[in-house]
Structure formats: C-alpha cells, structure tokens
Amino acid sequence: MTSVTRISPKAGVAKIKRPPRFVSSEDLVDAGKKLRDTVSRASQGVWKRPKHRVNPLEVLHQSDAGRLPELIPIRYGRMLESPFTFFRGAANVMAADLAVTPTMGVKVQACGDCHLLNFGGFATPERNIIFEINDFDETAPAPWEWDVKRLVTSIVLAARANGLSETAGRDGAVTCARSYRERLHETAAMSPLEAWYAHFSGEDFIGLVDRDTRKRMRRRIEKARAQTSSELDYPKLADMVGGQVHIKDQRPLIFHPAFTRDERFRARLDKFLADYRETLADDRRALLDRYRLVDVAIKVVGIGSVGRYCAIGLFMSPANQPLFLQFKQATTSVLEPYAGKSAYPHSGQRVVMGQRLMQSASDIFLGWTTGLEGRELYVRQLRDAKIKPLVETFNRSMLATYGAACGWALARAHGRAGQPWLVCGYLGNGDAFDEAMGDFAVAYADQTERDHAALKAAVSAGRIEAQQVDEH
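Residues numbered from 1 in each chain as written. Predicted model: local features only at pLDDT ≥ 70, side-chain atom pairs only at ≥ 80, totals over all residues. Heavy atoms only, no water.

Participant: Outline a positive patch on the surface, supporting the account with residue identities and numerical values.
Facilitator: There is a patch of like positive charges on the surface, built from R211, R214, K215, R216 and R219. One can find R211 in helix α10 (residues 211–226). Classification of R211 as exposed rests on a relative accessible area of 66%. (Patch = residues over 30% accessible without salt bridge, like charges linked within 9 Å, V, L, I, M, F, W, Y side chains within 5 Å. Areas by Shrake-Rupley, 256 points an atom, 1.4 Å probe, with all protein chains shown as cover. Salt bridge = Lys/Arg side-chain N within 4 Å of Asp/Glu carboxyl O. Lys, Arg positive; Asp, Glu negative; His and termini not counted. Charge placed at Lys NZ, Arg CZ, Asp CG, Glu CD. Helix = DSSP H or I, 4+ residues; strand = E, 2+ residues; numbered from the N terminus. Buried < 20%, exposed > 50% of the residue type's maximum accessible area, 1.4 Å probe, protein only.)

And the structure:
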C-alpha cells in the first residue's frame, strides 16, 4: 500500500512506501481508490493563501541570483504585462505554494513549468509532427498533481487575458483535467512498450478541431514539415560581414558580449563543444561533425529564463547550409527544494534526461556541457519545425480544445515511464477530480492576479526595475 504524504518545505522530502515492483495493476488500482479516504479528490481543489506565505516578490528576487544583471529588468518587464505573463515567469512561486497543498504521495517525472504555452507541435527525427510538452527547464520527479494544477491554472489566466468569460476559463480547466484523466486510463491499459512509444500526433490534434480550423492547421503542419527551422531562421538571424557569416546583433535581445571576440574564449569554446559532443550517441556525433561553428551570441528567450545564460551557435556545413544550436543555462529545478534533489549532479543532464523520459521523440542534438564560470548548460536545436500555439487568438471553443490536447499530452508524458495505475484508481471514472481542478484553477488564478498587482506596485514605487522590450 502506498502511504499518503502532504509535502511541505518544513517537512522536507517525504519518504513514500512504494509497492513491490510487480504488484498487479488491479491491486494498484484498488490501492489508488482507497487513497481517496485519506486525500479526497475535492480537497485537491482548495487553494487558500497560507498564513505564513513567503512574499512572492522575495521568491522572485532570490531567483535573480546568477542571472546577467543587465537582463533582469527585461524579465520583470515581461512579467509586468499581464497576470498570465507573470504566471509564466513565476514557476518558483507556484512551486512553493504547491508544496503545501495535499497530494496522494505518488511522484512522476514532472515538467515543473507545465503551462499551456509550453506545449506545441514539433518534428520528430522522422520528420513527423507530434504535439507534446516542449520545455523541460524545471523537470524533476515530483507529485503528478503539481503539473496538472499549473496547467489548468494557465488556462483560466489565458481565458481572462483573452477577455473570455469566467465560465469559459473554468470550463476549459475542467475539460483539460478530464482529458488528462481519460487519457491516463488509456495509457494504463497499454503494455509498457505501447505506452513508451505512444504519442499525440498532429493528426490526433487535427481530429479535435472543427473543419475550418483543420484546413489551416494542415497548412501549418505541411509548411513546418517541409523546411527546417534553421533554414527559416537563417535570414532573420544572420548576415555577411566582410565575407564572413555572423549572427546579427539585435540589442537588447541578441548581442555579442565582448568576450566572444576574445581568442581565449574561442579556445575554451572548443572544449565546451568537445564535452557536449561526448554526451551524444555515436551516430549524432557523426552528424554534428559535418558542421563547423562560425559564430555565437547571446539570445534572450522566454520569461522565466530571461537573465539566465542562453546563447545560440551558428554552425555551417561544407556547402554553407546552416544549423542553429541553443546553449541554455540549467540550474536547480524549482521543484527540488520541495520534492527532493535531482539524481543528476549536472543540471543540464537533469533537463536532458527528464526530456527523454517525458517525450516520445526528442531532439537529436539534445545534450549537455559546462560553460564559462562553471555554468551548467543543455544543448538543443534552436527550433526544429516548431508550431507555436496562437493562444492569444483562442475563443472559448478553441481554448477548451487546446486544453484537452494539453491534458492528453501530459497524460502520455506522465504515463509513459511511470506506473499510472495508482493514479488511475484514485482519479476514477467520474468527474470529481475534474471539477476540483476547475475550482483550484480559478482560486489560484485569483492569487496570481494579486501577486501580479504586487509586482506592479513595486515597479511603480521604484523598488523593482522593469524594462519592456518588444521581441524581434
């Protein structure tokens, strides 16, 4: 029988009695059902601000340590735009809050920053388009509920940002939770191999939308499949200077720090690349060796990542075909203080291993290395035929559809490398958990709006510097 734990910062990492490796799936389902008596599904829907909650602005400030100082104001400028953008940059705030909510005591490989803009379409090595989670900076083993709660809250905040009704936001959250529950049951019914290979294809996504939307989506998928992102990005990011190819400076979001022109840096860069190469399989090394690095520059990305070291490297083949790789700093996951320290000593390796566990197909260039000043980095293609969701255009129907797709993809990610039967037994076949997630999403969205208002007040009072910069 699995024991139930309530994870909190004070309690530290809970020790969970795990069932023997080969307990039958039926027994695990029954055990999951019994856990409802200790942690009711309705209790999962409750959010109440703890009496001694740490100031969220202090939590954000603590995470400024180690960031490039000149970029920190851009981070706060992006978070200032709306409660939704605040939420996207405040994964550490929500992790601290989730740590004092009830869980049934079952960990999965969690995303850690599971909001609806961290899902999307991308190409597999076979050039098929699939829909999955695409950001793993915070991945770590943690309670499965934490990912679901962050995802459903993002749906309510997106609805509010789009001017949709409160009912539309809550219904979208409930639909997402229902999809997660139903698809996790499907995954549990598969053999381990079937679950490992299961994926959510572009055609699966198309099957969820109406006829008119299907036509537009098929055009986007075909366009993405036909051309690599490096080919698309090349004219936007690079040009010729004195007969040499360079990444274009587009300050303050893309630029060359002075040290990148230093010969000593170039020599050290060779060492970083050699170490990265060792993390790849032999066949991927052979492919990488067909390119040479010609330039590297800082590129500001995302919201929560702003200020962390993130560089793009432009590689060229002998026939001058481009390849962009991204070298992104990885630090301790926001989940680790509450769910336990990562098994991997290198944070870049933590990201890579978590991504490989959660995705049915990962970037062929995914690896890790250590850069300047001991920064731990992971490496991937800058983009690979990514299809970004246009969430800001979603109406009520499309938001619910997209929420269902995200719930489906999350269930696949949680179920493929774990044992989903306990969770399936706990969730059951009714809508008790789905409705609880609707309640939680609305309550925590309200909390996020209060936290966003506190940031606005701090910026207005001059206590926090914020710089709003349009993305190129």
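Participant: Account for the pairing of strand β2 (residues 119–123), with residues named and values stated.
Facilitator: The buried count for β2 comes to 5 of 5 residues, which makes it a mostly enclosed element. Residues F119, G121 and A123 of β2 are buried on one face, and the alternating residues G120 and F122, pointing to the opposite face, are buried as well. In this sheet, strand β3 (residues 129–133) lies alongside β2 in antiparallel orientation, the contact comprising 5 bridges. Bridge pairing in β3 places A123 opposite I129. (Pairing = 2+ DSSP bridges.)

Participant: Give a description of helix α5 (residues 91–98) that names residues and reports values.
Facilitator: For α5, the tally of buried residues reaches 7 of 8 residues, placing the bulk of the element in the interior. Looking at the packing, one finds that the buried side of α5 touches α2 (56–62), α4 (83–89), α6 (144–161), α14 (336–339) and α18 (432–460). (Contact = heavy atoms within 4.5 Å.)

Participant: Go over the packing of α5 against α18 with me, naming the residues and quoting the values.
Facilitator: The N-to-C vectors of α5 and α18 enclose an angle of 130°; their axes lie 12 Å apart at closest approach. In terms of orientation, α5 lies oblique with respect to α18. Of the two possible hands of crossing, α5 and α18 adopt the one that is right-handed. Where α5 abuts α18, its residues V93, M94, D97 and L98 lie against F440, Y444 and D451. For the contact of α5 with α18, the per-class residue count stands at 5 nonpolar, no polar and 2 charged. (Axes fitted to C-alpha atoms, helices over the stretch in contact; angles between N-to-C directions. Parallel < 35°, antiparallel > 145°, perpendicular 65-115°, else oblique. Left-handed = near helix turned anticlockwise from the far one by under 90°. Nonpolar A, V, L, I, M, F, W, Y, C, P; charged D, E, K, R; others polar.)

Participant: Could you give me a rundown of the pairing of strand β5 (residues 238–241), with the residues and numbers involved?
Facilitator: Inspection of the sheet shows β5 paired to strand β6 (residues 244–247) by 4 bridges, in the antiparallel sense. Looking at β6, one finds that M240 is bridged to V245. If you look at the hairpin formed by β5 and β6, you'll find 2 residues sitting between the two strands, and G242 has a positive phi there, around 60°.

Participant: I'd like a rundown of unusual backbone geometry, residues and numbers included.
Facilitator: A cis amide bond, omega 5°, links R251 with the succeeding residue P252. Mapped onto the elements of the fold, P252 is located in the loop between β6 and β7 (254–255). One non-glycine residue, N320, adopts positive backbone phi at about 65°. Inspection of the secondary structure assignment puts N320 in the loop between β9 (310–316) and β10 (322–329). Its identity as a non-glycine residue notwithstanding, E373 has a phi of 55°, on the positive side. You can see E373 is positioned in the loop between β11 (367–370) and β12 (376–381). Residue E373 is classed as exposed on the basis of its relative accessible area of 70%.

Participant: Before we move on, could you go through the sheet that holds strand β8 (residues 292–299) and cite the residues and values that matter?
Facilitator: Spatially, β7-β8-β9-β10-β12-β11 is the arrangement adopted by the 6 strands of the open sheet, whose pairing is antiparallel. Either end of the sheet is taken by a strand with one partner, and the two such strands are β7 and β11. Sheet topology places β9 next to β10; 7 bridges connect them, and they run antiparallel. Bridged to L314 within β10 is F324. Packing against the sheet, helix α12 (residues 263–278) makes contact with β8, β9, β10, β11 and β12, and its axis sits at approximately 100° to β8. Where helix α15 (residues 347–358) meets the sheet, its contacts fall on β11 and β12, and the angle it forms with β12 comes to roughly 35°.

Participant: Would you mind going over the nonpolar core in detail, with residue names and values included?
Facilitator: Membership of the largest hydrophobic core comes to 97 residues, with the highest contact counts inside it found for L116, F119, F131, W144, F205 and Y402. What F131 contacts, discounting residues up to four positions off in sequence, is F119, G120, G121, F200, F205, Y402, A405, C406 and A409. Residues L269, V300, V306 and F365 belong to the second largest nonpolar core, which totals 28 residues. (Core = buried A, V, L, I, M, F, W, Y, C linked by side-chain atoms within 4.5 Å.)

Participant: Which residues make up helix α1 (residues 25–34), and what values do they have?
Facilitator: When α1 is considered as a whole, its buried residues turn out to be L28, A31 and G32. Projection of α1 onto a plane perpendicular to its axis shows the buried side chains occupying an angular sector of 100°, all on one side. In α1, the exposed positions angled more than 90 degrees off the buried face are occupied by E26 and K34. Elements that come into contact with the buried residues of α1 comprise α17 (421–427). (Arc of directions from axis to C-beta.)

Participant: Kindly report on the pattern of salt bridges, identifying the contributing residues and their values.
Facilitator: Across all of its chains, the model carries 24 salt bridges by this definition. When the shortest N-O distance is used, the salt bridge between R350 and E336 registers 3.6 Å. Of this pair, R350 sits in helix α15 while E336 sits in helix α14, and the two are 14 residues apart along the sequence. With respect to burial, R350 and E336 carry one shared label: buried. Overlapping salt bridges bring together R277, E278, D282, R285 and D289 as one network.

Participant: Tell me about the packing of aromatic side chains, residues and numbers included.
Facilitator: Applying the stated rule across the entire model yields 12 aromatic pairs. Ring pairs connect the aromatic residues F119, F131, F200, F394, Y402 and W408, which therefore count as one cluster. The aromatic ring of W408 is capped on one face by R183, whose charged end is 3.5 Å from the ring centroid. (Phe/Tyr/Trp six-rings, centres within 6.5 Å; stacked < 30°, edge-to-face > 60°. Lys NZ or Arg CZ within 6 Å of the ring centre and 35° of its normal.)

Participant: Give a detailed account of a nonpolar patch on the surface, specifying residues and quantitative values.
Facilitator: On the surface, L193, W196 and Y197 cluster together into a nonpolar patch covering about 370 Å² of accessible area. Inspection of the secondary structure assignment puts L193 in helix α8 (residues 192–197). Overall, the relative accessible area of 57% leaves L193 in the exposed class.

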